[in-house]
Amino acid sequence: FHQLQPVHYSNLLDRFEVHCPSDKCLLLAPDDEFVCLVDKSKGEWYLKEHLGTKVDCEDFTVRVKHFPPIQTIGYYQGLNVTQCHICGETDAFVHKPVVPHEYSKHFPVKLQLYIARDVIFLCLKCVRLGDISDLKMYNKLRKMCGAPYSYFQRQRVKKAATMLLNEGEQMSEESRQYHEAFVSDYYTNYVNKKVKINRRILKEISEEDPTCYLRAHGHAVVQKFERELGGLLELTHLWRTHFGEQIGMDSYVLASLLWSEESSLHTRVTALKVRVC
């Protein structure tokens, strides 16, 4: 994957000083690039294990002997933001990968590591909105690649039909519309019929065995992109852009802090180069 070149801080900004609190240790790469702040005890551990050398500076600063395994901008400096990336809700999160596992599980290991941090926090309401929005991408990729209907999505259709059949009258309007969206999408984009959802249709779907859709949708899409549609990074960019369109640029920049310049938005992230005394 020659495209996955690390982006170094020194290529972006001139060096300037970084303040280090008294209870922290400033960790530098061998070329004096700022890696992150760690607890003072962690810095002392690096010295004890002979994994770094103390820099003669007013702040407690350790220069490690080896470059960190990942040198993408901000990777070790990202804050653990405990709020929904879309609405800012601070309770009840779900971890959602930007590139669905149905596709990424077929990626080579090196590329899986590249997108390993493409996981976002979403509240339960925004997860539902995202699920509905993702239907567009699944259908787009299915048509682009001549792939079979997603087994994962077909399972969701069956579950939605069962829920509507058994609990539809007790559901809130929001929940009912959420489940109906999956059933409606299945008929409109796969069966190619526009139907009015009724109990007969729900019963047919709930009783159908989804294993007939086990042909690998994700594998077919991944193979098509590898061979004809610009590679797996292009597939990754499609999902990232799709996610960015859902939540807007400002939130997207926050969520994409850990992504390289290969990102579809080519975000320029502030980086630090330390002046060593």
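Use the structure listed above.
Each chain carries its own residue numbering, running from 1 in the written order of its sequence. The predicted origin of the model limits local features to residues at a pLDDT of at least 70 and limits the giving and counting of side-chain atom pairs to 80 or more, whereas totals for whole chains, interfaces and linings rest on all residues. To obtain the side-chain values, all non-hydrogen atoms of the structure were used and water was disregarded.

Colleague: Whenever I open this one, the state of the cysteines confuses me. Can you help?
Modeller: The term disulfide refers to a covalent linkage connecting the sulfur atoms of a pair of cysteines. When the sulfur atoms of two cysteines come within 2.5 Å, that pair is taken as a disulfide. Using the criterion set out here, one finds zero disulfides in the structure. Free of any disulfide, C126 has its nearest cysteine sulfur in C123, 3.5 Å distant.

Colleague: Would you mind going over the packing of helix α5 (residues 151-167) against helix α6 (residues 173-191) with me for this structure?
Modeller: The relative placement of two packed helices comes down to the angle between their axes together with the axis-to-axis distance. An axis is simply a line fitted to the C-alpha atoms; with a helix, the fit covers only the stretch in contact. Between two such axes, the angle follows the N-to-C directions and lies from 0 to 180 degrees. By definition, any uninterrupted DSSP run of H or I lasting at least four residues is a helix, any uninterrupted run of E lasting at least two residues is a strand, and each is numbered from the N terminus. Relative orientation of the contacting elements α5 and α6 amounts to 130°, with a least axis distance of 9 Å. The angle between α5 and α6 places the two elements in the oblique class. Considering only the axes of α5 and α6, their crossing is left-handed. Contacts between α5 and α6 involve Q153, R154, R156, V157, A160, A161, M163 and L164 from the former and R176, Y178, H179, E180, F182, V183 and Y186 from the latter. Residues are grouped as follows: Ala, Val, Leu, Ile, Met, Phe, Trp, Tyr, Cys and Pro are nonpolar; Asp, Glu, Lys and Arg are charged; every other residue, Gly included, is polar. For the contact of α5 with α6, a count of residues per class yields nine nonpolar, two polar and four charged. Working rule for angles: under 35 degrees goes down as roughly parallel, over 145 as roughly antiparallel, 65 to 115 as roughly perpendicular, anything else as oblique. In this scheme the handedness of a crossing depends on how the near helix is turned from the far one: anticlockwise by less than a right angle means left-handed, clockwise means right-handed. Only heavy atoms matter for contacts: two residues are in contact if any of them lie within 4.5 Å across the pair.

Colleague: Can you help me understand the sheet that holds strand β2 (residues 34-39) in this one?
Modeller: Across a sheet, paired strands are connected by hydrogen bonds in the backbone, their directions being either parallel or antiparallel. Spatially, β2-β1-β4-β3 is the arrangement adopted by the four strands of the open sheet, whose pairing is mixed. In the strand order of this sheet, the two ends are held by β2 and β3 (52-55), each with one partner. Between one strand and the next, the sheet's axes are offset by a mean angle of 30°, whatever the strand orientation. Strand direction decides the pairing type here: strand β1 (residues 24-28) and strand β4 (residues 61-64), joined by three bridges, are parallel. In the strand pairing of β4, L28 is matched with R63. Paired strands are those between which DSSP finds at least two bridges.

Colleague: What's the story with α6 in this structure? I'm lost.
Modeller: Spacing of three or four residues puts side chains on the same side of an α-helix, whose turn is 3.6 residues. Look at α6: 26 Å from first C-alpha to last across 19 residues, which is about the 27 Å you get at 1.5 Å a residue. Among the residues making up α6, those that are buried are S175, Y178, H179, F182, V183, D185, Y186 and Y187. Each element contacted by the buried residues of α6 is listed here: α4 (124-145), α5 and α7 (199-207). At the exit of α6 stands N192, carrying a positive phi of roughly 60°. Here the expected length of a helix is defined as 1.5 Å per residue gap, with one fewer gap than residues. For each residue, the accessible area found with a 1.4 Å probe, counting protein chains only, is set against the maximum for its type, and the residue is called buried under 20%, exposed over 50%, and partly exposed in between.

Colleague: I keep staring at the packing of α6 against α7 and nothing clicks. Help me out?
Modeller: Between α6 and α7, whose axes approach to 12 Å, the crossing angle comes to 85°. Comparing their axes, α7 and α6 come out roughly perpendicular. Two secondary-structure elements touch here, α6 through V183, Y186 and Y187 and α7 through I201, L202, E204 and I205. For the contact of α6 with α7, the residue count by class is six nonpolar, no polar and one charged.

Colleague: Is there a simple way to explain the pattern of salt bridges in this structure?
Modeller: Side chains that carry opposite charge are capable of pairing whenever their charged atoms lie near each other. Note on definitions: salt bridges are taken to be side-chain nitrogens of Lys or Arg within 4 Å of carboxyl oxygens of Asp or Glu. Per the counting criterion, the structure on display carries nine salt bridges. For D39, the salt bridge is made with K24, and the minimal N-O distance between the two is 2.8 Å. Placement of the pair is D39 in strand β2 and K24 in strand β1, with a sequence separation of 15 residues. For K24, a relative accessible area of 26% translates into the label partly exposed. Two residues, K203 and E207, come together in a salt bridge whose shortest N-O distance is 2.5 Å. Of this pair, K203 and E207 both sit in helix α7, separated by four residues, roughly a single helical turn. Here the salt bridges share partners, and the residues they tie into one network are E173, R176 and E180.

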